[in-house]
Amino acid sequence: MRPRSVSQLAFGDLLGEALLSLTMRPGRAALTCLGTVAGIGSLVATLGLTNTAEAQVSGRFDALAATEVVVRDSGTSAGDTSAIPPDAEQMLSRVNGVRVAGYYWEVDLGGRTVVGRWGAPTEIGDDGLTVIAASPGAFDVIGPRVTAGRIFDDFHVADSLQVAVLGVSAAARLDVGALDAQPVIFMGDQPFTVIGTFDEVDRHPETLLSVVIPDSTARGLFRPAAPGEGLIVATAPGAAQQIAAEIPLALRPDAPDEVAVLAPPSPDQLRAQVSGDLTSLFLALAGVSVGISAFGIANTTLVAVLERINEIGLRRALGARSRHVAAQFLTESTALGTIGGAVGACIGVLVVVAVSLLRQWTTVLDPMVVLCAPLLGTVTGLVAGAYPAYKAASIEPVEALRA
Amino acid sequence: MIPTHPPPEAAEVVPVVDMAGVTRAYDGPPPFVALRPTSLEVLSGDYLAIRGPSGSGKSTLLNLLGLVDTPTTGRYLLDGIDVGGLDDACRSGLRATRIGFVFQAFHLIGQRTAAENVALGLLYRRCARSERRERAHEVLDQVGLADLRNALPSTMSGGERQRVAIARAIAGQPRLLLCDEPTGNLDSANAERVLDLLGELNDQGLTVIVVSHDVDVARRARLEVDVRDGIVSPRRAAPT
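Note that the coordinates shown come from a computational prediction; the quantities given were computed from them, not determined experimentally.

Focus on the overall build of chain A
Thought 1: Of the regular secondary structure elements, chain A holds 13 helices and 13 strands.
Thought 2: For chain A, with 403 residues in total, the buried portion stands at 48%.
Thought 3: At a minimum sequence separation of 6, the contacts of chain A that also span at least 24 residues come to 82%.
Thought 4: Summed over its atoms, the accessible surface of chain A is roughly 18,700 Å², and 61% of this surface lies on carbon and sulfur atoms.

A closer look at the packing of helix 10 (residues 309-317) of chain A against helix 11 (residues 322-359) of chain A
Residues and elements named next belong to chain A.
Thought 1: Orientation of helix 10 relative to helix 11, taken along the N-to-C sense of each, is 135°, at an axis distance of 9 Å. By the angle class used here, helix 10 and helix 11 are oblique. In terms of crossing hand, the pair formed by helix 10 and helix 11 is right-handed. Across the interface between the two elements, Glu311, Ile312, Arg315 and Arg316 of helix 10 pack against Ser322, Val325, Gln328 and Phe329 of helix 11.
Thought 2: Partitioned by chemical class, the residues of the contact of helix 10 with helix 11 number 3 nonpolar, 2 polar and 3 charged.

Comments concerning the layout of surface pockets
Thought 1: By volume, the largest pocket amounts to about 620 Å³.
Thought 2: Lining the largest pocket we find 25 residues, and of these Arg402(A), Ser59(B), Thr60(B), Asn63(B) and Asp180(B) sit closest to its centre.
Thought 3: For the lining of the largest pocket, the elements supplying multiple residues, two or more each, are helix 13 (397-402) of chain A together with strand 2 (32-42) and helix 1 (58-65) of chain B.
Thought 4: With 5 residues, the top contributor of residues to the lining of the largest pocket is helix 1 of chain B.
Thought 5: A per-class count over the lining of the largest pocket returns 10 nonpolar, 10 polar and 5 charged.

Overview of empty space enclosed by the protein
In this approach the atoms are scanned with a rolling probe the size of a water molecule, which exposes any empty space left behind.
All names here are of chain A.
Thought 1: With the rule as written, the count across this model stands at 3 cavities of 30 Å³ or more.
Thought 2: Taken as a whole, the largest cavity spans an internal volume of roughly 150 Å³.
Thought 3: If you go around the largest cavity, you meet 14 residues; those closest to its centre are Leu22, Arg28, Ala304, Glu332 and Leu336.
Thought 4: Contributions of two or more residues to the lining of the largest cavity are made by helix 1 (11-24), helix 2 (26-63), helix 9 (267-307) and helix 11.
Thought 5: If you tally residues by element for the lining of the largest cavity, the top one is helix 11, at 4 residues.
Thought 6: Considering only residue class, the lining of the largest cavity consists of 5 nonpolar, 5 polar and 4 charged.

As for the nonpolar core
Thought 1: By size, the foremost hydrophobic cluster in this structure holds 55 residues, and its most contacted members are Val17(B), Met19(B), Ile50(B), Leu65(B), Tyr76(B), Leu78(B) and Ile209(B).
Thought 2: Core analysis: the second largest hydrophobic core is formed by 42 residues, Leu166(A), Ala170(A), Ile213(A) and Leu231(A) among them.

A word on the environment of Val168(A)
Residues and elements named next belong to chain A.
Thought 1: Along the polypeptide, valine 168 turns up in helix 6 (residues 168-174).
Thought 2: Judged by relative accessible area, valine 168 falls into the partly exposed class, the value being 38%.
Thought 3: Separated by 21 residues in sequence, valine 168 and threonine 147 have C-alpha atoms that sit 8.3 Å apart.
Thought 4: The residues touching valine 168, leaving out its near neighbours within four places in the chain, are Phe198, Asp199 and Leu208.

Considering the packing of helix 11 of chain A against helix 12 (residues 367-394) of chain A
Residue and element names in this part refer to chain A.
Thought 1: Put simply, helix 11 and helix 12 touch, their axes get as near as 6 Å, and they point 150° apart. Taken together, the axes of helix 11 and helix 12 are roughly antiparallel relative to one another. Crossing geometry of helix 11 relative to helix 12 is assigned as right-handed.

Points about the sheet that holds strand 1 (residues 17-26) of chain B
Residues and elements named next belong to chain B.
Thought 1: A sheet is described by the order of its strands in space; here 4 strands give the open sequence 2-1-4-5, paired in antiparallel fashion. What marks the edges here is a single partner per strand, and that holds for strand 2 and strand 5 (81-82).
Thought 2: In terms of strand pairing, strand 1 meets strand 2 through 7 bridges, oriented antiparallel. The residue of strand 2 that forms the bridge with valine 22 is threonine 38.
Thought 3: Of the strands in this sheet, strand 1, strand 2 and strand 4 (73-78) touch helix 1, which is tilted by about 120° from strand 1.

A closer look at the pairing of strand 1 of chain B
Residue and element names in this part refer to chain B.
Thought 1: By the bridge criterion, 5 bridges tie strand 1 to strand 4 in an arrangement that is antiparallel. Bridge pairing in strand 4 places alanine 20 opposite arginine 75.
Thought 2: The loop that links strand 1 with its antiparallel partner strand 2 comprises 5 residues; one of these, glycine 28, has a positive phi angle of about 85°.

Some points on the confidence of the model for chain A
Thought 1: Residue-level pLDDT values for chain A average 83, and 88% of them are 70 or greater.
Thought 2: No element of chain A has a lower mean pLDDT than strand 4 (residues 121-122) of chain A, which averages 66, and none a higher one than strand 7 (residues 163-167) of chain A, which averages 93.

Calculation notes
Residues numbered from 1 in each chain as written. Chains lettered and ligands numbered in written order. Predicted model: local features only at pLDDT ≥ 70, side-chain atom pairs only at ≥ 80, totals over all residues. Heavy atoms only, no water. Helix = DSSP H or I, 4+ residues; strand = E, 2+ residues; numbered from the N terminus. Buried < 20%, exposed > 50% of the residue type's maximum accessible area, 1.4 Å probe, protein only. Contact = heavy atoms within 4.5 Å. Areas by Shrake-Rupley, 256 points an atom, 1.4 Å probe, with all protein chains shown as cover. Axes fitted to C-alpha atoms, helices over the stretch in contact; angles between N-to-C directions. Parallel < 35°, antiparallel > 145°, perpendicular 65-115°, else oblique. Left-handed = near helix turned anticlockwise from the far one by under 90°. Nonpolar A, V, L, I, M, F, W, Y, C, P; charged D, E, K, R; others polar. 1 Å grid on protein atoms, 1.4 Å probe; cavity = no way out; pocket = protein on both sides within 12 Å on 5 of 7 lines; lining within 4 Å. Points joined across faces, edges and corners; volume = space filled by probe spheres on them. Core = buried A, V, L, I, M, F, W, Y, C linked by side-chain atoms within 4.5 Å. Pairing = 2+ DSSP bridges. pLDDT = per-residue confidence, 0-100.

Here's what the structure looks like:
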């Protein structure tokens, strides 16, 4: 005859018993949790700080270098005509994501010197002095701060006027003096009236040592230096890579290979380079912490099994099956891991927020990291409790009662 | 609702305990026979004392009766159920529903109140928490400890602790109450109260088996057996 009922333990009761047992020894439970708190906390803090730092790097990078594309004649075209079409500036302004584009290339004076106000000839290339051909759009890309006079505009370009704008260093080198006197400089035998000077630029700091003349004027008087005419293009953040791929086809659908485009390195790559090594190191440390916490939980739970051997005997006498005993210890260790994981996640988030505040960063946290952290604690507790639970279940009731 | 196991009708009287040729031997080293072939019959409502000196095998017999140990040979019917071939789940189920244990050292959980300790006796029967609490209050009232429901064991006397342990053992309305030296840790006044309580429970129809080497304890029983060197004597009327 088989008995009508077998020993049963509802899940709610199992959970209640486990939590009650933990609250009976709050100090020990808290100390056991500490390892998990440290492990999960450092994990969340590491991932959070990495994400946050990446976002700052990305933001700064995007705002400057990552939003500029340089277009050049690749030099593969036959004949003397430039591969860059004459209306390239207008064509590029229609490409989605392009903020502004302008002609910009270095001029080859063919051995002629630039002569300043007092007649001292300055060799092109000496001390970095260059002549740049640029359209007004290029100045929008460069972003100069005008210190005197003005930047040339479409009027000067349309009439190919012989005017020049000087970077602050070039102006000092050529000693142009005050612009009120309408100083003139000579490139070879061609006079150019200096109409403005500038200092501080957002991009292309080489222009501070340059004489900048209208592109149309340069086309009429001089040849472009190798590799030929070109443009600079300011793009919307994050669009540079895409635009760089589109420009050759947009300018020269018949021969895209004749147009060379220099795109900035991918922000993702930079991000990965900047943070990759550091992230790996911190993640490894966090992993070690979680491992140590698992060892701590396992050790404490094993000690608890030995200490509570009488209780194990009592529970068996009251009808607990060996699996009920195992489940109780496993639930206790899992609860410890979960609590430790949850507290660790909270502390990790606080650390990320605090560091962000101190560094005036925008906090960036992946919600999945925060939500999964307690689960990692749960898994840690579950794995850590497996062996002690097995040991507890293996104790014969008669041995436990005799102990 | 807590399932009960009332004594069978007179016409179908089945012994609560029916042992035939039960032995318990340990492989060692050294090999050791703790209980030699034993036959024992305990009817519903009996009050049996198992007497014997330390190491005689009486605790082994009690463990076998309580299904916390397994016989090496022989047949054991508990309430008509042959427990020989049962798995852990069924044996545990029988312990949860038909057997109550009282230990010399009480085995109360120190950080839990009297009511929580008593309710633990019903934990493995899948009773609702409220039902367990209600029943715990009921049996604490029955053993005269209604005022100590929320007291911790550390604040109680030895006798009170043992009465809490008895309340826990009878909370599930078992068919058989097994007591291992229930007065071993008590002074004479508290021992008297505990023995009185066991007598009252027996008078209400509960089958009680007490292991003790104390003659006074055995005197409260109606039947007794002696255990010496693993040999159990035939049962006889206890001395008055």
